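Letter by letter, the chains look like this.
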Amino acid sequence: MPKNEKLKSILIIGSGPIIIGQACEFDYSGTQALRSLREDGIETILINSNPATIMTDPTMADHVYLLPLTTKSIIKILKEHPQIDAVLPTMGGQTALNLCIEADEKGIWEDFDVDIIGVDIDAINITEDREQFRELMLKIGVGMAPQATANSYLKGKEIAQEFGFPLVIRASYTLGGAGASFVYKEEDFDELLTRGLEVSPIHEVMIDKALIGWKEYELELLRDKNDNVVIICTIENMDPMGIHTGDSITVAPAMTLSDKTFQKMRDMAIHMMRSIGDFAGGCNVQFAVSPDENEEIIAIEINPRVSRSSALASKATGYPIAKIAAKLATGYTLDELSNQITGSTSALFEPTLDYVVVKIPRWNFDKFEGSDRQLGLQMKAVGEVMAIGRSFQEALHKATQSLEIKRNGLGADGKGYKDYQQVIDKLTYASWDRVFAIYDAIQMGIPLSRIHEITKIDMWFLKQYEELHELEKEISKFTIDTIERELLLEAKQKGYGDRQIAHMLKCLESQVYNKRDEFKINRVYKLVDTCAAEFKAQTPYYYSTFENEVETPNGEKISANESVVSDKKKIIVLGSGPNRIGQGIEFDYCCVHGVLASAECGYETIMINCNPETVSTDFDIADKLYFEPVFWEHIYDIIRHEKPEGVIVQLGGQTALKLAEKLDRYGIKIIGTTYQSLDLAEDRGSFSSLLKENDIPYPEFDTASTADEALAVAEKLDFPILVRPSYVLGGQGMKIVINKKELEEHVVDLLRKIPNNKLLLDHYLDGAIEAEADAICDGENVYIIGIMEHIEPCGIHSGDSNATLPPFNLGEFVMQQIKDHTKKIALALNTVGLINIQFAIKDDKVYIIEANPRASRTVPFIAKAYGEPYVNYATKVMLGEKKVTDFDFKPKLEGYAIKQPVFSFNKFPNVNKKLGPEMKSTGESILFIDNLKEDEFYNLYSRRKMYLSK
């Protein structure tokens, strides 16, 4: 039976601004759901306050409301659209669910005759109310850890006395493990119990006996209205219980589970899903398994919605969970839907993998000085990478290469820890870089049994590490001239990068590359097909690996490459890699638009990215998707294989930009602004000369590469001085210093963290107003898409400032200077595409802080505020298809739009929350106001100097 014919108009609730614990995986799910519903001719109405995402693009839904996620906004929408039949709240994470429940409790859905689909409110209440959930599990025979509920401080103390330590405290109705903690000792209990009760919106916590050292697994399920259930993916956490799954290294399929226990776990998961309620849609179930031969299974929790892991499971298997879940919510059954990857199998066919997927989280602790860096029950990661390989070792190496933390993979790069005590500490107190520390421990000779005893990581994983270390020792006995083909091939099959092999052989990376060419050890590309190659796949979604050559009957030696190169003209778009503070989802938005615009110009589009949470890595956005690290070696091999017309680097943030020099050196065409212009904008000396020639003012500055030079510069410049390193994004390492002591300390610290960097020292314009402009330039004409004024004063990073579009108190004289400077700089830098320029305004004089000839963080915000597809236009300009003068610009905005930053400081209770030149916000929302008399503007303006830190 097909979909419910009564559903003609559906409201989808988005997840709002990105915070730690709820990131762009929900933007990806929501985008898939919107596209899925529109395929069936259903009208879609979306509410989401996040301007940086592709989900809130006008092309995604029939009506997009960029409004705060409140019941007041919901009522406004329902009044404007009385035709809405149902609400789908499962695509927007905990934020959407909580809003849906609040609206339900207030009777809003009933008042407007709106059905809730894709979820059962009773099911949510059962899973969120730990006591109810526990009773139900025990009733259906599913094991649980000893636990009890406390809704008062006294009750909590009684439970602790009964269970004994260690304990786990979890706050009810929270996301990303907020308020959750381990309690090892009695003296820590009071503070952690109080925090949990405060964080929970219903002031309730669940106290469990801690299952420390047990193995952790997740299953992703889908169910339809006829009670058909498929298990899409089994994910194993390499880290044992005690670390939030969002902070754990995870592997799919499960590696260390016996088949008997796996079948038992499957049955339990299905039984649990059926017992909590009668709903059609997605579900995520988490289990703990005892690390002994009994393999006792205990249920941890069940989430009856699309979860953080659903995005990972979708990308890992190629099965579009959110797309199918949206269709199930409208009444389809699994056997009626086809698997869009194969095109020939049904959605009831469970995916099977003939490869291994590894996810590693990406943290940003350097942004939170004084934060507790130990990983635990509260999620702290800001993003993640995923890698696909033919073995766990290959996938693990590719994932570590994707992280962009200046590591070339595991070990073999001279950056490992050498201090015994430091390594033991990193293993004992789970650290963000424990994945590397395990390798260092083995290299030091610490026995596997000891590593296992400390970390409780399964011996199978540790043996995989040990094999890698043995291989490194073996390779190190050779030189580039004596190494044999078999050994080099084995290193590549196990994921070692050319740079690492060069490190072992004491030669250059290019020599290893040439040696591979000589030995014909070349990457081959394999399809992600959901069915272990049993059926032909229709979608071009690839990962790379290395294979032994097979001899054909006519004596030819080949290794199978499933990526067939067409004879069409092609464009490669480089993605932005893992999310982090300073480089978030707004660059993914730009990349998706770059791909779509290139396709409109008749190019075959190729996307390279390794971020599983994003829309750019969806299998049907680009003509071809390479799910690969945005890492030189991988990119160069894809370019050699595909031979594109050129590569777009200006849409993928600093990740893509950093590769511009290499592309230029290897003679690969950069589409749009050239590497020379990109480099000129980054090099302060050359850039200032350019400003001088064009008679454009800038704060006095100089450069230094040692502490002595910096002190000499300070003599000329006058404090306060803004110190910043070159080639960084999000204000990394920037600081305002007010005396020589502070200057020296900061410079020494910076050069230790970023050796050989050229530091820029500017005289800081105290009390200046900050503004910024984004523009499109074709080399001859410039169109300014938006000028924003920051509510906070100069000195707070633009990503942490409330930015107002259009400006609210810049006079005509200042505005004219901004326009003139923007046009002059864009043309002087030979910009082709986008450019962002930041200004400081003091005494009606406009100074240039910096210019970035690339897509900026604010472009999606301006596009949403004015309702214009600026990235689409800019891409067509980059490709040379159009001039700026070919577009009919018609920006529409009544009143003002304000870009409001959102912070995740609650994850780091002891951190200094002051704002300064280094960016700390994790996301943003958009606020529309009719005039400056509105309370929201007044509140922001009155608080503008509160956080400024010198």
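In the block above lies the structure referred to throughout.
About the cut-offs
- Residues numbered from 1 in each chain as written.
- Predicted model: local features only at pLDDT ≥ 70, side-chain atom pairs only at ≥ 80, totals over all residues.
- Heavy atoms only, no water.
- Salt bridge = Lys/Arg side-chain N within 4 Å of Asp/Glu carboxyl O.
- Core = buried A, V, L, I, M, F, W, Y, C linked by side-chain atoms within 4.5 Å.
- Buried < 20%, exposed > 50% of the residue type's maximum accessible area, 1.4 Å probe, protein only.
- Contact = heavy atoms within 4.5 Å.
- Pairing = 2+ DSSP bridges.
- Helix = DSSP H or I, 4+ residues; strand = E, 2+ residues; numbered from the N terminus.
- Axes fitted to C-alpha atoms, helices over the stretch in contact; angles between N-to-C directions.
- Phe/Tyr/Trp six-rings, centres within 6.5 Å; stacked < 30°, edge-to-face > 60°.
- Lys NZ or Arg CZ within 6 Å of the ring centre and 35° of its normal.
- Patch = residues over 30% accessible without salt bridge, like charges linked within 9 Å, V, L, I, M, F, W, Y side chains within 5 Å.
- Areas by Shrake-Rupley, 256 points an atom, 1.4 Å probe, with all protein chains shown as cover.
- Lys, Arg positive; Asp, Glu negative; His and termini not counted.
- Charge placed at Lys NZ, Arg CZ, Asp CG, Glu CD.
- Polar contact = N/O pair within 3.5 Å; in protein donor to acceptor, adjacent residues only side chain to side chain.

### Details of the pattern of salt bridges
Pairing between side chains of opposite charge can happen when their charged atoms approach one another. With the rule as written, the count across this model stands at 53 salt bridges. Ionic contacts of the salt-bridge type, sharing partners, join the residues Lys-492, Asp-498, Arg-516, Arg-523, Glu-633 and Asp-637 into one network.

### Here's the deal with the nonpolar core
Counting 173 residues, the largest nonpolar core has Leu-88, Leu-574 and Val-649 as its most contacted members. With near-sequence residues (within four places) excluded, Leu-88 lies in contact with Ile-10, Leu-11, Ile-12, Ile-13, Ala-33, Leu-37, Ile-117, Gly-118, Ala-326 and Ala-329.

### Some remarks on the sheet that holds strand β9 (residues 205–209)
If you walk across this open sheet you meet the four strands as β6-β9-β7-β8, and the pairing is antiparallel. Each having just a single partner strand, β6 (147–150) and β8 (181–183) make up the two edges of the open sheet. Within the sheet, the average angular offset between the axes of one strand and its neighbour, ignoring direction, is 25°. Two strands pair when backbone bridges link them, and strand β7 (residues 167–171) and β9 are joined in this way by five bridges, in the antiparallel orientation. Bridge pairing in β9 links Ile-169 to Ile-207. Where helix α6 (residues 130–139) meets the sheet, it contacts β6, β7 and β9, and its direction lies at approximately 155° from that of β6. Sheet strands touched by helix α7 (residues 153–163): β6, β7 and β9. Its angle to β6, the strand with the most contacts, is close to 165°.

### Some remarks on the packing of aromatic side chains
Tallying each qualifying case throughout the model produces 26 aromatic pairs. Seen in terms of ring centroids, Phe-182 and Tyr-184 are 5.6 Å apart; in terms of plane orientation they differ by 25°. Their pairing is stacked. For the ring pair Trp-460 and Phe-461, a centre distance of 5.3 Å and an interplane angle of 80° mean the geometry is edge-to-face. Three or more aromatic residues link up through ring pairs in this structure, and these residues are Phe-365, Phe-368, Phe-903, Phe-905 and Phe-908. Its guanidinium or amino end placed over the ring of Phe-279, Arg-223 lies 4.9 Å from that ring's centre, counting from NZ or CZ. When the ring centre of Tyr-28 is taken as reference, the NZ or CZ atom of Lys-315 above it lies at 3.9 Å.

### Topic: the side chain of Ser-200
Assignment of secondary structure puts Ser-200 in the loop between α8 (186–199) and β9. Here Ser-200 falls in the buried class, since its relative accessible area comes to 0%. When near neighbours in sequence (up to four residues on either side) are disregarded, Ser-200 contacts Ala-171, Ser-172 and Thr-174.

### Comments concerning the pairing of strand β13 (residues 281–289)
In terms of burial, β13 is largely enclosed, as nine of its nine residues are buried. Pairing between strand β10 (residues 215–223) and β13: nine bridges, direction antiparallel. Opposite Glu-220, over in β13, you have Asn-284 as the bridge partner. When β13 meets strand β14 (residues 297–303), the two strands line up antiparallel, connected through six bridges. Looking across to β14, one finds that Val-289 is bridged to Ile-297.

### So, unusual backbone geometry
The peptide bond linking Phe-165 to Pro-166 adopts the cis configuration, its omega dihedral lying at 0°. Among the secondary structure elements, Pro-166 is positioned in the loop between α7 and β7. Note that the residue after Ala-252, namely Pro-253, is joined by a cis bond; omega there is -10°. Here Pro-253 lies in the loop between β12 (250–252) and α9 (259–276).

### Details of a negative patch on the surface
Taken together, Asp-104, Glu-105, Glu-110, Asp-111 and Asp-122 make up a surface patch of like negative charges. Those elements giving two or more residues to the negative patch turn out to be α3 (93–105) and α4 (108–111). By secondary structure assignment, the location of Asp-104 is in helix α3.

### Some thoughts on the sheet that holds strand β3 (residues 63–65)
Spatially, β3-β2-β1-β4-β5 is the arrangement adopted by the five strands of the open sheet, whose pairing is parallel. Looking along the sheet, the strands with just one partner apiece sit at the ends: β3 and β5 (115–116). As defined by bridge partners, strand β1 (residues 9–13) adjoins strand β4 (residues 86–88) across three bridges and the pair is classed as parallel. Bridge pairing links Leu-11 to Val-87 in β4.

### A few points about the environment of Ile-668
Here Ile-668 lies in the loop between α23 (660–665) and α24 (675–682). Along the sequence, Ile-668 and Gly-164 sit 504 residues apart, while their C-alpha atoms lie 64 Å from each other. Excluding residues within four positions of it along the chain, Ile-668 makes contact with Trp-632, Tyr-636, Ile-639, Val-647 and Leu-663.

### With respect to the environment of Gln-650
Locating Gln-650 in the fold gives a position in the loop between β24 (646–648) and α22 (653–657). Taking the relative accessible area as the measure of exposure, Gln-650 reaches 1% and is therefore buried. Along the chain, Gln-650 and Ala-123 lie 527 residues apart, while their C-alpha atoms are 45 Å from each other. When near neighbours in sequence (up to four residues on either side) are disregarded, Gln-650 contacts Leu-657, Ile-671, Gly-672, Thr-673, Val-832, Gly-833, Leu-834, Pro-853, Arg-854, Ala-855 and Met-878. Of note is the side chain of Gln-650, whose polar atom sits 3.0 Å from the backbone oxygen of Val-832.

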